[in-house]
Amino acid sequence: MDKLVIEGSTRLCGEVEISGAKNAALAIIPATLLINGVCTIDNVPNISDVKIYCDILKELGAVIKWNTPNELTVDTRNITSSRAPVEKTSKFRASYYLLGALLGRCGDAQVGIPGGCNLGARPIDQHIKGFEALGANVETTKGTITATASRLKGSSIYLDMVSVGATINVMLASVLAEGTTTIDNVAKEPHIVDVANFLNTMGADIRGAGTDVIKINGVKELKGNATYSVVPDQIEAGTFMIAALASKGDINIKNCVAEHLEFVTAKILEMGANVSCEGDNIHVWCNKRPSKVNIKTLPHPGFPTDLQSQIGVALSISEGTSIINESIWDSRFQYTAELNKMGAKIIAQGKSAVFEGVEKLYGCPVYATDLRAGAALIIAGIIANGTTEVYNLNHIDRGYENIEEKFRKLGAKIQRVSE
Ligand code: EPZ
């Protein structure tokens, strides 16, 4: 089992280049199944969930060629199966996109019930509601979900709650359906817009992505024969913005989209950081102890839940007492127990946590409980006095490309060690 060994404390200074968005790539790769042709996708993050997805697509008949570590060409002219391998699809959350893509392409799809980070209940009733509205029959038995439809017909769908996954999945299933589909109360994350842009590049007719209503005019076929570049990862960029604040450092974050991070920028400015944006660079520097703030996570453009644990590290050493309300997930404060081991004073109860800021954290062995908690614990180890060992790196490797190398280039004393 690998671990990261971090010697603190360090001010992070220098430049970091952001990779393509994990949550866009994990939807765009299955979306290629809708294409009766060949396409090339660039700026793909080199992470384990992407590799698993490529293995699954190959088992379904796709031909995948990696041109560079971040660019792949996908040939989906010959799909031989619509039954995805259960043992692979249960390894991560985004496997549910195979339902929408295979249902749209083949009128049939079977996927293992998705796994992914343990954030509390993660139902997919809204995905199923959308598929059924399009005329599909969906059954969940023995750990698998099977969706079938003789033909998919456009419909009007109102999602009961804002859901990234359901928004994208219903969009995938609608692209080749007969007629027009309107999806209301949709998520507006940058990766939703990116998936819609990808599909439109390949021949789809999707309008309104990034607003509250998405309209899809079904088309006969997606031809592909195009190249698409995945949007930069706003969560990775936000992770480094918060690392600059927490370490009182000075980081120039390259290849990111400032307007995708407005809520994060607003919050770290409130906490005392300085931020300047120029083109696709965001420069964050801070030379004082962060000030306390209160945070409520919300769907985009609110403060993202995927940066909640990272900002929690900055709050744990800020001046005063702060509160975080987590409105998306039932159980996303598991990381606070690890920070308390390091000397933080956090009381987490249900969907809220109170952070009584302390002067310093102290290094010790800590365990990542999910992908973003892992990134948070790395930041905690960098700013703590002494040595921190971060375990359960499988969580981190699922979503961050070369994370220790990126932090090392910013001055962190961090090594991956095999136990
Ligand atoms: C996506 O998860 C992301 N994962 C998550 O990022 C992210 O935290 C989340 O969106 C919110 O932004 C991927 O994109 C692979 P949701 P998803 O459907 O689609 C409830 C990371 O760290 N809900 O927007 O699963 C659900 O329980 C990961 O990169 C239903 O009740 O999230 C939650 O409370 C962690 N029924 C809320 O909606 C449904 O059918 C939002 O979930 C669907 C969702």
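Located above this text is the structure these notes cover.
Quantities reported herein were computed from a predicted structural model and do not represent experimental measurements. (Residues numbered from 1 in each chain as written. Predicted model: local features only at pLDDT ≥ 70, side-chain atom pairs only at ≥ 80, totals over all residues. Heavy atoms only, no water.)

### Here's the deal with the pattern of salt bridges
Pairing of side chains with opposite charge becomes possible as their charged atoms draw close. Heads up, the rule is: Salt bridges, as used here, are contacts in which a Lys or Arg side-chain nitrogen is within 4 Å of a carboxyl oxygen on Asp or Glu. Note on conventions: DSSP H or I runs of at least 4 residues are helices, E runs of at least 2 residues are strands, and numbering of each starts at the N terminus. Type-normalised accessible area, obtained with a 1.4 Å probe on protein chains alone, sets the label of each residue: buried when under 20%, exposed when over 50%, and partly exposed for intermediate values.
With the rule as written, the count across this model stands at 22 salt bridges. Salt-bridge contacts for Asp2 lead to Arg416; the nearest nitrogen and oxygen are separated by 3.8 Å. On the criterion of sequence distance, the pair formed by Asp2 in strand S1 (residues 2–8) and Arg416 in strand S23 (residues 413–418) is long-range, its members being 414 residues apart. Overall, Asp2 belongs to the partly exposed group, its relative accessible area being 28%. Classification of Arg416 by relative accessible area gives partly exposed; the value is 29%. For the salt bridge of Glu404 with Arg416, the shortest nitrogen-to-oxygen distance reads 2.7 Å. Of this pair, Glu404 sits in helix H14 (residues 403–409) while Arg416 sits in strand S23, and the two are 12 residues apart along the sequence. Salt bridges here are not isolated pairs; linked through shared partners, they connect Asp2, Asp397, Glu404 and Arg416.

### Quick look at the layout of surface pockets
For clarity, the cut-off: Here a cavity means grid points, on a 1 Å grid over the protein atoms only, where a 1.4 Å probe fits yet cannot get out; a pocket means an open set of points with protein on both sides within 12 Å along at least five of seven lines; lining residues are those with an atom within 4 Å of a point. Grid points are joined across faces, edges and corners, and a volume is the space filled by probe spheres set on the points. Asp, Glu, Lys and Arg are counted as charged, while Ala, Val, Leu, Ile, Met, Phe, Trp, Tyr, Cys and Pro are counted as nonpolar; the rest, among them Gly, fall into the polar class.
By volume, the second largest pocket amounts to about 240 Å³. Along its surface, the second largest pocket is lined by 15 residues, and Ala246, Lys248, Glu359, Lys360 and Ile383 are the ones closest to its centre. A class-by-class count of the residues in the lining of the second largest pocket yields 7 nonpolar, 3 polar and 5 charged.

### Considerations on the site of the ligand
Which entries qualify depends on this criterion: The cutoff for a nearby residue is simple: one of its non-hydrogen atoms must lie within 4 Å of the molecule or strand. We define a polar contact as two N or O atoms separated by no more than 3.5 Å, with the added condition that, inside protein, one atom must be a possible hydrogen donor and the other a possible acceptor, whereas residues neighbouring each other in sequence contribute only through side-chain atom pairs. Note that accessible areas follow from Shrake-Rupley with a 1.4 Å probe, and for residues the cover is restricted to the protein chains shown.
Neighbouring the ligand are 25 residues; Tyr96, Ser163, Val164, Asp306 and Ile328 lie closest to it. Between the ligand and Arg93 there is a distance of 2.8 Å, counted from an oxygen atom to a side-chain nitrogen or oxygen. The contact in question runs from an oxygen atom of the ligand to an N or O atom on the side chain of Arg372, over 2.8 Å. Considered on its own, the ligand offers 830 Å² of accessible surface; in the complex 91% of this is hidden by protein. Ranked by residue count, the leading element in the shell around the ligand is helix H5 (residues 125–133), at 3 residues.

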